[in-house]
Amino acid sequence: MSAAATSETILVFDSGLGGLTVYREIAAARPGADFIYVADDAAFPYGAMDEAALVTRVVTLMDELIAAYRPDLIVIACNTASTIVLPDLRKKISLPFVGTVPAIKPACANSVSRHIAVLGTEATIAREYTRALIRDYAGDCQVTLVGSKTLATYAEAELAGTPVSDQAISAEIAPCFRDDGARTDTVVLACTHYPLLIDRLRRLAPWPVAFLDPAPAIARRVGDLLGPAPSAARAGTTRAIFTSGRPPTAALAQFGIRSQQVASAGSD
């Protein structure tokens, strides 16, 4: 996208509502852009899917979305989809993609205690990609990997106005906090759903830590690829698409999005 461009379309893709935390950050930086927010909620959560089936599903759905909406750039606002599907998308599709990967490099660079934790879905934590980031960037940091089966679902419940108990969330995050003479001082949020719980995570943490949200870095990368933002004199638009055909109107309203009932693209 050149500096002279007057409009741009950015597609933000996730398995559910977590990508809204990424959308919010990009939209704040590029208020004149048009956004297509796509949640493949018919298949949520992605961590429970077979890898080959997930690749086939997302690649097929992406083909449909690109044909329909002609985006200038696509953000895969999902760690699981980024680590499993993004290589196939980049091989098949020439558009620029921005993925979401655990922020291990900045976490280790900024940790004072040299103890960090990576909190993600079980699928993300199990990925060789995650372990490669540790080998490449952890240095002398001790890294605790914590895979949660339910925290993304808890985050969706929080946004829907039906929060789970403090005890349930505490049980999921407790393994992040290690104290062997030096305490964990940084927790990488390796799932875009988790910032939806950030206020509760901070309150329930047994001691203060830095929780790293990937959204600001993703927004910066979008800016790097697209260049200067289009004129903010023209307010951008946002269309929300949910593959179940059931957009959660109240949740979207919290992010300033008016939901649109769209045929269940990509659903089974």
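Note: the structure precedes this text.
The following paragraphs examine the structure supplied in this document.

What counts and how
- Residues numbered from 1 in each chain as written.
- Predicted model: local features only at pLDDT ≥ 70, side-chain atom pairs only at ≥ 80, totals over all residues.
- Heavy atoms only, no water.
- Helix = DSSP H or I, 4+ residues; strand = E, 2+ residues; numbered from the N terminus.
- Rg over C-alpha atoms; globule rule 2.2 N^0.38 Å.
- Buried < 20%, exposed > 50% of the residue type's maximum accessible area, 1.4 Å probe, protein only.
- Contact = heavy atoms within 4.5 Å.
- Areas by Shrake-Rupley, 256 points an atom, 1.4 Å probe, with all protein chains shown as cover.
- Lys, Arg positive; Asp, Glu negative; His and termini not counted.
- Charge placed at Lys NZ, Arg CZ, Asp CG, Glu CD.
- Pairing = 2+ DSSP bridges.
- Axes fitted to C-alpha atoms, helices over the stretch in contact; angles between N-to-C directions.
- Polar contact = N/O pair within 3.5 Å; in protein donor to acceptor, adjacent residues only side chain to side chain.
- Salt bridge = Lys/Arg side-chain N within 4 Å of Asp/Glu carboxyl O.

1. Focus on the overall build of the protein chain
Next, step 1: Looking only at helices and strands, one finds 12 helices and nine strands in the protein chain.
Next, step 2: Relative to a compact globule of 268 residues, whose C-alpha radius of gyration would be 18 Å, the protein chain shows 18 Å and is just as compact.
Next, step 3: The buried share of the protein chain, taken over its 268 residues, is 52%.
Next, step 4: Residue pairs in contact within the protein chain that sit at least 24 positions apart in sequence constitute 74% of those at least 6 positions apart.
Next, step 5: Just so you have it, the protein chain exposes about 11,700 Å², and 51% of that area is on carbon and sulfur atoms.
Next, step 6: Looking at charge distribution, the protein chain has the averaged site of its 24 positive side-chain charges lying 3 Å from that of its 27 negative ones.

2. Regarding the sheet that holds strand 2 (residues 34-39)
Next, step 1: Across the sheet, five strands lie side by side as 4-3-1-2-9; this open sheet has parallel pairing. Two strands lie at the open edges of the sheet, namely strand 4 (97-98) and strand 9 (238-242), each paired on one side alone.
Next, step 2: Alignment of strand 1 (residues 9-14) against strand 2, held across six bridges, turns out to be parallel. Paired with D14 across the two strands is A39, which belongs to strand 2.
Next, step 3: Along the sheet face, helix 1 (residues 20-29) touches strand 1, strand 2, strand 3 (73-76) and strand 9 and points at about 175° away from the line of strand 2.

3. Some points on the environment of D40
Next, step 1: Structurally, D40 can be placed in the loop between strand 2 and helix 2 (51-69).
Next, step 2: For D40, a relative accessible area of 0% corresponds to the buried category.
Next, step 3: Not counting residues within four places of it along the chain, the set of residues in contact with D40 comprises F13, D14, S15, Y46, R57, L61 and T243.
Next, step 4: Reaching out from D40, the side chain makes a polar contact with the side chain of Y46 at a distance of 2.6 Å.

4. Description of the pattern of salt bridges
Opposite charge on two side chains allows them to pair when their charged atoms are near.
Next, step 1: For the coordinates displayed, the defined rule picks out 10 salt bridges.
Next, step 2: A salt bridge links R114 to D140; its shortest N-O distance comes to 2.8 Å. With R114 in the loop between helix 5 (104-110) and strand 5 (115-121) and D140 in the loop between helix 7 (128-137) and strand 6 (142-148), this pair connects stretches of sequence that are 26 residues apart.
Next, step 3: For D140, a relative accessible area of 55% puts it in the exposed group.
Next, step 4: When the shortest N-O distance is used, the salt bridge between R183 and D179 registers 3.1 Å.
Next, step 5: Judged by relative accessible area, R183 falls into the partly exposed class, the value being 42%.

5. As for the sheet that holds strand 7 (residues 186-190)
Next, step 1: On the basis of which strands lie adjacent, the open sheet formed by four strands has the order 6-5-7-8 and parallel pairing. With one partner strand each, in any of the chains shown, strand 6 and strand 8 (210-212) form the two edges of the open sheet. Each strand axis lies, on average, 20° off the axis of its neighbour in the sheet, ignoring direction.
Next, step 2: Pairing of strand 7 with strand 8, which is carried by three bridges, proceeds in the parallel orientation. Of the residues in strand 8, the one forming a bridge with T186 is A210.

6. Digging into the pairing of strand 5
Next, step 1: Where burial is concerned, most of strand 5 is hidden: seven out of the seven residues are buried.
Next, step 2: Here strand 5 runs beside strand 6; their pairing, made up of seven bridges, is parallel. Considered in strand 6, the bridge of A117 is made with T144.
Next, step 3: Bridging between strand 5 and strand 7 involves five bridges; their strand directions are parallel. By the bridge assignment, G120 is partnered in strand 7 with A190.

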